[in-house]
Amino acid sequence: MGNVRELMARLGPSTVKFDTGRGGTPDLTNQDIAAALGMVPAGLGRELLEACWWPDGAALRRHKLRDAVIALVTPELRRQQRKLADARTELGLAEVCMGWAGAVTAEQRAERDRAAHRLGQVKAQCWPISTLESLPTLAAAVICEIARRPHCQACEGRGEVMSGDLLVACKVCGGSGLSGVSDRRRAASIGRDEAGYRRTWKPVYEWLLGKMQEAEQEAAWLMRSAISSAA
Ligand SMILES: [Zn+2]
């Protein structure tokens, strides 16, 4: 069976009969592929599969992709904001205790310093404040990277290599089957300079890429098994 992604790329608005050109493999029509796509549960993975490999189809449903990306990001943003609010409250409480009555004790000072340090740590772990406004740009860049990223040379994109008699996850790409993309390229793809990207945007970009890639690969896998069982 050919690569699902290649099949998807062939599935345009036209209804040209699709021939895999491989001996012994049954011919697949666009309808077969569309039917297999229909077997992939709705959600981020299917939206990404369509956006990456079937741009015309996805263009019709772009709001669904947007909703799926927002649904992915919202719980994480909420979690970060709760953590930040908690750390601010802790610091406020530690400060109020210091001036409550009498001389400030060494313990109170230590408690305040600990809370201030904790707040700094939490802040450093939070995504930039403008993450939501930047989400369309970030999501588009991540989708573009997923769609165009070259295969890992070590495993030829399979994500697995033979080790003796065993098929094991490729160590070079961590099983993703994809080769690395530089920070400089990622910075350019979201319209930032490399230093600014590393300082501010790298964690959110990599988080999005990881989650979206996972969802897309899961959907590609489901589609591949739907095509294999239909064939
Ligand atoms: Zn690999």
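The model shown is predicted, which means the values in this text are computed figures rather than measured ones. (Residues numbered from 1 in each chain as written. Predicted model: local features only at pLDDT ≥ 70, side-chain atom pairs only at ≥ 80, totals over all residues. Heavy atoms only, no water.)

Trainee: Describe helix α5 (residues 62-98), with residues and values.
Mentor: Compared with an ideal rise of 1.5 Å per residue, which puts 37 residues at 54 Å, α5 spans 54 Å between its outermost C-alpha atoms and is within 8% of the ideal. Remark: the principal bend of α5, roughly 30 degrees, maps to V73, with a proline, P75, within the next four residues. (Helix = DSSP H or I, 4+ residues; strand = E, 2+ residues; numbered from the N terminus. Expected span 1.5 Å × (residues − 1). Bend = angle between axes of the 7 residues up to and from the residue.)

Trainee: Just give me the short version of the coordination of the zinc ion, but keep the residues and values in it.
Mentor: Here the zinc ion is held by C152 (SG), C155 (SG), C170 (SG) and C173 (SG), and the distances to it run 2.3 to 2.4 Å. For the zinc ion, the 4 donor atoms in the first shell make angles of 104 to 116 degrees at the metal, so the coordination geometry reads as tetrahedral. Expressed as a motif, the donor residue spacing for the zinc ion is C-x2-C-x14-C-x2-C. In this pair, C152 is assigned in the loop between α7 (131-148) and β1 (160-163) and C173 in the loop between β2 (166-169) and α8 (183-189), connecting sequence segments 21 residues apart. Since its relative accessible area comes to 3%, C152 is described here as buried. C173 gets classed as buried once you look at its relative accessible area, which sits at 13%. (Donors = N, O, S within 2.8 Å, 3.2 Å for Na, K, Ca; no water. Tetrahedral: all angles 85-135°; square planar, octahedral: opposite > 155°, others 65-115°. Buried < 20%, exposed > 50% of the residue type's maximum accessible area, 1.4 Å probe, protein only.)

Trainee: Explain the side chain of R46 to me, and be specific about the residues and the numbers.
Mentor: Mapped onto the secondary structure, R46 falls in helix α3 (residues 44-53). When residues no more than four places from it in sequence are discounted, the contact partners of R46 are L37, G38, V40, P41, R61 and A219. (Contact = heavy atoms within 4.5 Å.)

Trainee: So what's going on with unusual backbone geometry? Residues and values would help.
Mentor: Residues other than glycine seldom take positive phi values, yet E156 does so here, at roughly 55 degrees. Along the chain, E156 turns up in the loop between α7 and β1. By relative accessible area, E156 is classed as exposed at 55%.

Trainee: Tell me about the nonpolar core, and name the residues and values.
Mentor: Counting residues in each nonpolar core, the largest one holds 40 residues, and the members touching the most others are L44, V69, Y205, L208, M212 and M223. Breaking this core down by element, the ones donating at least two residues are α2 (30-39), α3, α5, α7 and α9 (194-230). Considering every element that reaches this core, the biggest residue donor is α9, with 13 residues. L84, L91, A94 and V122 belong to the second largest nonpolar core, which has 7 residues in total. (Core = buried A, V, L, I, M, F, W, Y, C linked by side-chain atoms within 4.5 Å.)

Trainee: Pulling in residues and values, what's your account of the side chain of Q80?
Mentor: Residue position: Q80 is located in helix α5. When sequence neighbours within four positions are dropped, the list of residues in contact with Q80 reads Q125, C126 and W127.

Trainee: Run through the environment of P41, naming residues and quoting values.
Mentor: Within the secondary structure, P41 sits in the loop between α2 and α3. Sequence-wise, P41 and A219 are 178 residues apart; in three dimensions their C-alpha atoms are separated by 7.9 Å. Not counting residues up to four positions away in its chain, the partners in contact with P41 are R46 and L222.

Trainee: Talk me through the packing of α5 against α7; I want residue IDs and the actual numbers.
Mentor: Put simply, α5 and α7 touch, their axes get as near as 11 Å, and they point 120 degrees apart. Judged by the twist between their axes, the crossing of α5 over α7 is right-handed. For the pair α5 and α7, the contacting residues are L65, V69, I70, V73 and L77 in the first and L132, L135, A139 and I143 in the second. Of the residues in the contact of α5 with α7, the class split is 9 nonpolar, no polar and no charged. (Axes fitted to C-alpha atoms, helices over the stretch in contact; angles between N-to-C directions. Left-handed = near helix turned anticlockwise from the far one by under 90°. Nonpolar A, V, L, I, M, F, W, Y, C, P; charged D, E, K, R; others polar.)

Trainee: Describe α3, and please don't skip the residues or the numbers.
Mentor: Counting buried positions along α3 yields 10 of 10 residues, so the element is predominantly enclosed. Within α3 the residues assigned to the buried category are L44, G45, R46, E47, L48, L49, E50, A51, C52 and W53.

Trainee: How would you sum up the packing of α3 against α5? Please name residues and give values.
Mentor: For the pair α3 and α5, the least separation of the axes is 9 Å and the interaxial angle reads 135 degrees. With respect to α5, the element α3 is oriented oblique. In the crossing of α3 with α5, the sense of the turn from one axis to the other is left-handed. The segment α3 lies against α5, with L44, E47, L48 and A51 engaging K64, L65, A68, V69 and L72. Here the residues of the contact of α3 with α5 are counted per class, giving 7 nonpolar, no polar and 2 charged. (Parallel < 35°, antiparallel > 145°, perpendicular 65-115°, else oblique.)

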